[in-house]
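Structural description and commentary
The lines below spell out each chain.
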Amino acid sequence: MFETEKIIPLTDDVFRLLRDSIKDYCGIYFDDNSKYLLEKRLSKRVRSHSLEDFRDYYRLLLYDKKKGEEFAFIVDVLTVNETYFFREMNQLRTLSEEILPELKDKNRGARKIRIWSAGCSTGEEPYTIAMLILEHGYFLGWDIEILGSDINQRVLQYARRGVYRKNSFRTTDEYFMKKYFTKEDNLYIINDNAKRFVNFSCLNLLDPFKIKFVGNMDVILCRNVLIYFDLDSRKKVIHSFHERLVDGGYLLMGHAESIMNISTAFTLKHFKNDMVYQKPQGTAAISLSENSAKFVGGNKV
Ligand SMILES: C[S@@+](CC[C@H](N)C(=O)[O-])C[C@H]1O[C@@H](n2cnc3c(N)ncnc32)[C@H](O)[C@@H]1O
């Protein structure tokens, strides 16, 4: 007989306190319908700390010296890490067939490209970018830097290892599997020729201080991440992306995502296969705090 996991009841007021502190920490917002999810996923944790109830757990999140670890745990059990290679192929076609050739001309002096996969989960997205770049022989000898970042250390460990199962290849052409992976039993190990361009870093997208150290990027992909964020947090992240992009740089979001109602600081560029946000040429840095009508709903609109 299995002992049923005892669920500790989460009252409405503590649920709201808890979800607001999670939102403030990482941007992810749980609406009222998610109360049971938090109750179910965190009850065991409350018990493992030998706490009476969720109110005590909330106090721990506020005051305990290990509250950082606790938030890391919460992010791990509550975030969606679903990802796979060559996800949203139309958009990747635009990156490969139109944006990369443009960068080849634009950056031909420095011979350098920097691309950031923000919220990369287990790494399939940044490695996909590496493969697409390698397919263009003309970047040979260039300084290629692809940054994969995520808030979750556990998924980043997988990303750094670069070992995948069949499930990660649901839309991958056999050609790429053969060329860039070594198969061992039922595992696929990414080859060094693609792996060497990709660095991984643990970054909370709501931490503007750390994000400043990311440096300037030609392209940022942030796909299927901000859909879980509340509006204010999305504005903050989009603002950081605007700061990090070079003039004329591109921001690729997931298909279900738009920055309408968030920012007017980008223009929508129409390519053959897709539309992509672009930081216009010659845009001065826009400060959220000083504000600017550019960021809709910023501190001062
Ligand atoms: C659904 S995955 C998206 C993976 C990939 N971009 C894709 O489209 O396939 C969302 C990822 O965003 C990460 N994430 C959520 N909140 C974050 C935050 N505040 N900072 C950085 N990463 C975050 C999660 O840990 C998760 O791995």
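Heads up: the structure comes first, above all this text.
All values derive from a computational prediction rather than experimental measurement.

**Points about the overall build of the chain**
A tally of regular secondary structure across the chain gives 11 helices and 10 strands. Since a compact globule built from 301 residues should have a radius of gyration of about 19 Å, the 21 Å found for the chain is in line with a globular shape. Across its three principal directions, the C-alpha atoms of the chain cover 60 × 55 × 30 Å. Put simply, the chain has 301 residues, and 50% of those count as buried. Taking the intrachain contacts of the chain between residues at least 6 apart in sequence as the baseline, contacts between residues at least 24 apart amount to 73%. A total accessible area of about 15500 Å² is found for the chain, and carbon and sulfur atoms account for 51% of it. Averaged over its 46 positive side-chain charges, the chain has a centre that lies 2 Å from the centre of its 42 negative ones.

**Focus: the sheet that holds strand E4 (residues 181–184)**
Spatially, three strands are ordered E3-E5-E4 in an open sheet, and the strand pairing comes out antiparallel. On the outer flanks of this sheet lie strand E3 (163–164) and E4, each paired with one strand and no other. Examined bridge by bridge, E4 and strand E5 (residues 187–190) share four bridges and lie antiparallel to one another. If you follow Phe181 over to E5, its bridge partner there is Ile190.

**With respect to the site of the ligand**
Around the ligand, the structure places 21 residues, and the nearest of them are Cys26, Thr83, Arg87, Asp150 and Asn224. For the ligand, a nitrogen atom lies 3.3 Å from a polar atom in the backbone of Ile151. One of the backbone N or O atoms of Arg223 is found 2.9 Å from a nitrogen atom in the ligand. Its free accessible area being 600 Å², the ligand has 98% of it covered by the protein chains. Residues belonging to the shell around the ligand are distributed by class as follows: eight nonpolar, eight polar and five charged.

**Structural notes on the pairing of E5**
Of the two faces of E5, the one lined by Tyr188 and Ile190 is fully buried and the one lined by Leu187 and Ile189 carries no buried residue. Taken together, the two bridges between E3 and E5 define a ladder with antiparallel strand orientation. If you follow Val163 over to E5, its bridge partner there is Ile189. From the end of E4 to the start of E5, which pair antiparallel, there are two residues, and Asp185 there has a positive phi angle of about 50°.

What counts and how
- Numbering of residues begins from 1 in every chain and follows the order in which that chain's sequence is written.
- The predicted nature of this model means local features are confined to residues of pLDDT at least 70 and side-chain atom pairs, given and counted, to a pLDDT of 80 or more, with totals for whole chains, interfaces and linings taken over all residues.
- Each side-chain value is worked out from all heavy atoms of the structure, with water and hydrogens disregarded.
- Under the scheme used here, helices are H or I runs from DSSP no shorter than 4 residues and strands are E runs no shorter than 2 residues, and both carry numbers assigned from the N terminus.
- Computation of the radius of gyration draws on C-alpha atoms, with the globule rule given as 2.2 Å multiplied by the number of residues to the power 0.38.
- When a residue's accessible area, from a 1.4 Å probe over protein chains only, is under 20% of the maximum for its type it is buried; when over 50% it is exposed; and in between it is partly exposed.
- Only heavy atoms enter the contact rule, under which two residues are in contact if any of them lie within 4.5 Å.
- Accessibility throughout is a Shrake-Rupley quantity obtained with a 1.4 Å probe, and a residue counts as covered only by protein chains that appear here.
- By the counting scheme adopted, Arg and Lys are positive, Glu and Asp are negative, and His together with the chain ends is not counted.
- Charge placement uses NZ in Lys and CZ in Arg. For Asp and Glu, CG and CD serve respectively.
- Strand pairing is assigned whenever DSSP detects at least two bridges linking the two strands.
- By convention in these notes, a residue is near a molecule or strand provided one of its non-hydrogen atoms lies within 4 Å of it.
- Between N or O atoms, a polar contact is any pair within 3.5 Å; within protein, one atom must be a potential hydrogen donor and the other a potential acceptor, and residues adjacent in sequence are included only when both atoms are from side chains.
- Put simply, Ala, Val, Leu, Ile, Met, Phe, Trp, Tyr, Cys and Pro go in the nonpolar bin, Asp, Glu, Lys and Arg in the charged bin, and everything else, Gly too, in the polar bin.

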